[in-house]
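# Architecture at a glance
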Amino acid sequence: MLLKLLFVLIGSIISVSLFKKASTTLSLAKLNVISYIFYMFVMQTLIGGALVFLGDTGHYTFKYLTDFKSIDIMFISVMATAILLPMTIVLIYKICNINMKERYQNYLDSEVTIESEQIVFLFISAISFICLTLLLILLYKIGYIPAIKLIRAEAGFNFGTERIKISGLSVINNYVKNILILSFIPVMSYVAFVFALITKKSRWILLFVVLFCASVIVKTYNFEKSQVIFYLFVYLIIYTYVKGRISKKLIVSFMTVALVFILLIYYQMGYSLSFSKDDLYNGPIGRTIFTQVGTLTYNFDLFPSIFGFLNGRSLPNILLTLFHIDGDQLRSAKLLMEYYGSTHVFEGTGGVMNSLFIGESYANFGFIGMFFSIFYMGGLLSFFMWIFTKIKKNAIYIVLFAILTSKITLTIHGGFMDFIYNFDAIIITVLLVGIKLSASFYPKLQQMILKKKSSEGNS
């Protein structure tokens, strides 16, 4: 036990030191993608993993393990990630001679630029009108506003089965629902917010209020409780990028409101919120600290002793075809649910069992795949920080980088294959870059038209 405790303490100290160098700062007032990942990793994987490694296996997920040796393998893998991921980033900075601390501080200190604000407003308003109309159609199909049910549901209302039913609904088709409703409405609200923050114009403020209310409905449309918190957190990231830092008072206020919101929602859904060990395991604290750790351990328990490695089957279908891999996409998180959560699948309430990204990479290619994914993520995060600090601090790009900061962080505790190909991230990038380029081109187009009219008049 003493050796295990020393392993946890020494590994954690090394990890914190490396993450501080990789992110340039662990200050919440100057949050960036790497420091955000650090805090989420500690909260959702490292703390729970350490407790389980040291013997606290009372959480329900560990009742289904077939081999408890998987726990040791899990935590050694977690600690390898905690050290090698930031180490890779620091080494890339050194090899490429990048002073990221200076670059990031210069970015935060620089002024925000706005181009063709009126044209951007027309673009955002037009897109928002289409998306909001589609949202109304979706709500009509659902028959009620899910956000209201979360606050006040009648006795006997089954959130699990309703979630499955609602997730199966579409407007025109699933692409329209996923892109124009679930994705674009929150994106438009972020754009409206940054322009309202900078210009303080009433039209932007009004548009933001409308889109903000719609986004809260979107983020809770299938009774997800945490999604609305992460949606709101992006506003803090945007504010940090715009102003250069954020006050600790605002951070503490946000955390307090978020905690109270989650506790109230859990209470509404039937949890007693007492401080007994069972409630700590099954309530929001247990879900945050232990659940991801449990599902990560399942990956080492299931593969390859029960199921053979997936050998790339978790890639999107478009890449399966490109790489000539037989069969349709098979995510490890879905396999875990079908094996360990078969009761929920039978009842129609089972979804997937997501975990830290190394889980899916291991499930596909074993330890070789796991270590590759760690180094790959180190390279990806280094590139993100480099391009983020290199591009001019424009209002549209601030929204893009804030969204990608949140998306990358949340996907870290999803599937690794989403870092190989992520359609949602691609479509959001295309949308915002398209709006930015159109806004930049508009003044040049006006000048061209004026010159043409002027030359025609002179002739």
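## Re the overall build of the protein chain
- Across its full length, the protein chain holds 19 helices and zero strands.
- The C-alpha atoms of the protein chain give 24 Å as radius of gyration, which agrees with the globular expectation for 459 residues (23 Å, within 12%).
- Across its three principal directions, the C-alpha atoms of the protein chain cover 90 × 60 × 55 Å.
- For the protein chain, with 459 residues in total, the buried portion stands at 49%.
- Here the analysis covers contacts within the protein chain between residues at least 6 apart in sequence; of these, 76% occur between residues at least 24 apart.
- When the accessible surface of the protein chain is summed, it comes to about 22300 Å², and 66% of that surface belongs to carbon and sulfur atoms.
- Considering the protein chain, the positive charge centre built from 38 side chains and the negative charge centre built from 22 side chains are found 11 Å apart.

## A word on the environment of Asn354
- Within the element layout of this structure, Asn354 appears in the loop between helix H16 (342-347) and helix H17 (358-390).
- Of the residues examined, Asn354 reaches a relative accessible area of 35% and is grouped as partly exposed.
- It is 9.8 Å that separates the C-alpha atoms of Asn354 and Ile412, two residues lying 58 residues apart in sequence.
- Dropping the residues within four chain positions of it, Asn354 is found in contact with Gln292, Thr295, Ala333, His413 and Gly414.

## Here's the deal with the layout of surface pockets
- If you add up the space inside the second largest pocket, you get close to 420 Å³.
- Along the wall of the second largest pocket there are 20 residues; nearest its centre are Leu380, Phe384, Leu404, Ile408 and Ala425.
- Among the secondary structure elements, those contributing two or more residues to the lining of the second largest pocket are H17, helix H18 (395-412) and helix H19 (423-458).
- In terms of residue count, the dominant contributor to the lining of the second largest pocket is H18 (six residues).
- Looking at side-chain class alone, the lining of the second largest pocket contains 15 nonpolar, three polar and two charged residues.

## Digging into the packing of helix H1 (residues 2-23) against helix H2 (residues 33-53)
- Following both chains from N to C, one finds H1 and H2 inclined at 175°, their axes separated by 11 Å at the closest point. The orientation of H1 relative to H2 falls into the category roughly antiparallel. On the side of H1, the interface is formed by Lys4, Phe7, Val8, Ser12, Val16, Phe19, Ala22 and Ser23, while H2 contributes Ile34, Ser35, Phe38, Leu46, Ala50 and Phe53.
- Residue classes in the contact of H1 with H2 are distributed as ten nonpolar, three polar and one charged.

## Observations regarding the packing of helix H3 (residues 69-95) against helix H13 (residues 284-302)
- It is at 9 Å that the axes of H3 and H13 come closest, and there the two elements cross at 110°. Taken together, the axis directions place H3 and H13 in an arrangement best described as roughly perpendicular. Our pair here, H3 against H13, has a crossing hand that is right-handed. Counting all contacts with H3, which are made through Ser70, Ile71, Ile73, Met74, Ser77 and Val78, the residues of H13 involved are Val293, Leu296, Thr297, Phe300 and Asp301.
- For the contact of H3 with H13, a count of residues per class yields seven nonpolar, three polar and one charged.

## Topic: H18
- Taking 1.5 Å as the rise per residue, H18 with 18 residues should run 26 Å; its terminal C-alpha atoms sit 26 Å apart, in good agreement.
- Of all 18 residues in H18, 16 are buried, a share of seventy percent or more.
- Where H18 starts, the residue carrying a side-chain oxygen 2.9 Å from the main-chain nitrogen of Ile396 turns out to be Asn394.

## Some details on the environment of Ala192
- Of note, Ala192 is situated in helix H8 (residues 174-199).
- The exposure class assigned to Ala192 is buried, which follows from its relative accessible area of 0%.
- Linking Ala192 and Ile151, residues 41 residues apart in sequence, is a C-alpha distance of 27 Å.
- Beyond its immediate stretch of four places on either side in the chain, Ala192 contacts Trp204, Leu207, Phe208 and Leu211.

## Some details on a nonpolar patch on the surface
- Taken together, the side chains of Leu2, Leu3, Leu5, Leu6, Leu9, Ile10 and Ile14 present a nonpolar region at the surface, about 680 Å² in accessible area.
- Turning to its location among the elements, Ile14 is positioned in helix H1.

## Details of the environment of Ile34
- Mapping Ile34 onto the fold places it in helix H2.
- It is 9.8 Å that separates the C-alpha atoms of Ile34 and Gly378, two residues lying 344 residues apart in sequence.
- Every residue in contact with Ile34, bar those within four places of it in the chain, is listed here: Phe19, Ala22, Ser23, Ile89, Tyr93, Leu381 and Met385.

## So, unusual backbone geometry
- The omega angle of the peptide bond from Phe303 to Pro304 is -5°, so this bond is cis rather than trans.
- Residues other than glycine seldom take positive phi values, yet Thr24 does so here, at roughly 75°.
- Among the secondary structure elements, Thr24 is positioned in the loop between H1 and H2.
- At Asn97, a residue that is not glycine, the phi angle is positive and equals roughly 55°.
- Secondary-structure assignment places Asn97 in the loop between H3 and helix H4 (100-109).
- The class for Asn97 is exposed, based on a relative accessible area of 70%.

What counts and how
Per chain, residues are indexed from 1 in the order of the written sequence. Local features are withheld for residues below a pLDDT of 70 in this predicted model, meaning they are given only at 70 or higher, and side-chain atom pairs are given and counted only at 80 or more; totals for whole chains, interfaces and linings count all residues. For side-chain calculations, the full set of non-hydrogen atoms in the structure is used, while hydrogens and water are omitted. Comment: elements are numbered from the N terminus, with helices defined as DSSP H or I runs of at least four residues and strands as E runs of at least two. Throughout, radius of gyration means the C-alpha value; the globule benchmark is 2.2 Å times the number of residues raised to the power 0.38. Only protein chains enter the accessibility calculation, which uses a 1.4 Å probe; a residue is then buried when its area is under 20% of its type maximum, exposed when over 50%, and partly exposed in between. The criterion used for residue contact is that any of the two residues' heavy atoms lie within 4.5 Å. Using the Shrake-Rupley algorithm and a 1.4 Å probe, accessible areas are obtained, with residue cover drawn only from the displayed protein chains. Residues counted as positive are Lys and Arg, residues counted as negative are Asp and Glu, and His and the chain ends are not counted. A single reference atom marks each charge: NZ on Lys, CZ on Arg, CG on Asp, CD on Glu. A cavity, in this analysis, means grid points on a 1 Å lattice covering only the protein atoms where a 1.4 Å probe fits yet has no way out; a pocket is instead an open set bounded by protein on both sides within 12 Å along at least five of seven lines, and a residue lines either one if it has an atom within 4 Å of a point. Grid points are joined across faces, edges and corners, and a volume is the space filled by probe spheres set on the points. Each residue gets one label: Ala, Val, Leu, Ile, Met, Phe, Trp, Tyr, Cys and Pro are nonpolar, Asp, Glu, Lys and Arg are charged, and the others, such as Gly, are polar. The angle between two axes is taken between their N-to-C directions and runs from 0 to 180 degrees, where each axis is a line fitted to C-alpha atoms and a helix contributes only its stretch in contact. Note on terminology: angles under 35 degrees are roughly parallel, angles over 145 are roughly antiparallel, angles of 65 to 115 are roughly perpendicular, and the others are oblique. Two helices that cross are described as forming a left-handed crossing if the nearer one is turned anticlockwise from the farther one by less than a right angle, and a right-handed crossing if clockwise. Helix span is expected to be 1.5 Å times the residue number reduced by one. Two N or O atoms form a polar contact when they lie within 3.5 Å of each other; inside protein one atom must be a possible hydrogen donor and the other a possible acceptor, and for residues adjacent in sequence the pair counts only when both atoms belong to side chains. Residues with no salt bridge and a relative accessible area higher than 30% make up the patches, which join like charges within 9 Å and nonpolar side chains (Val, Leu, Ile, Met, Phe, Trp, Tyr) within 5 Å. By definition, a salt bridge exists where a carboxyl oxygen of Asp or Glu is found within 4 Å of a side-chain nitrogen of Lys or Arg.

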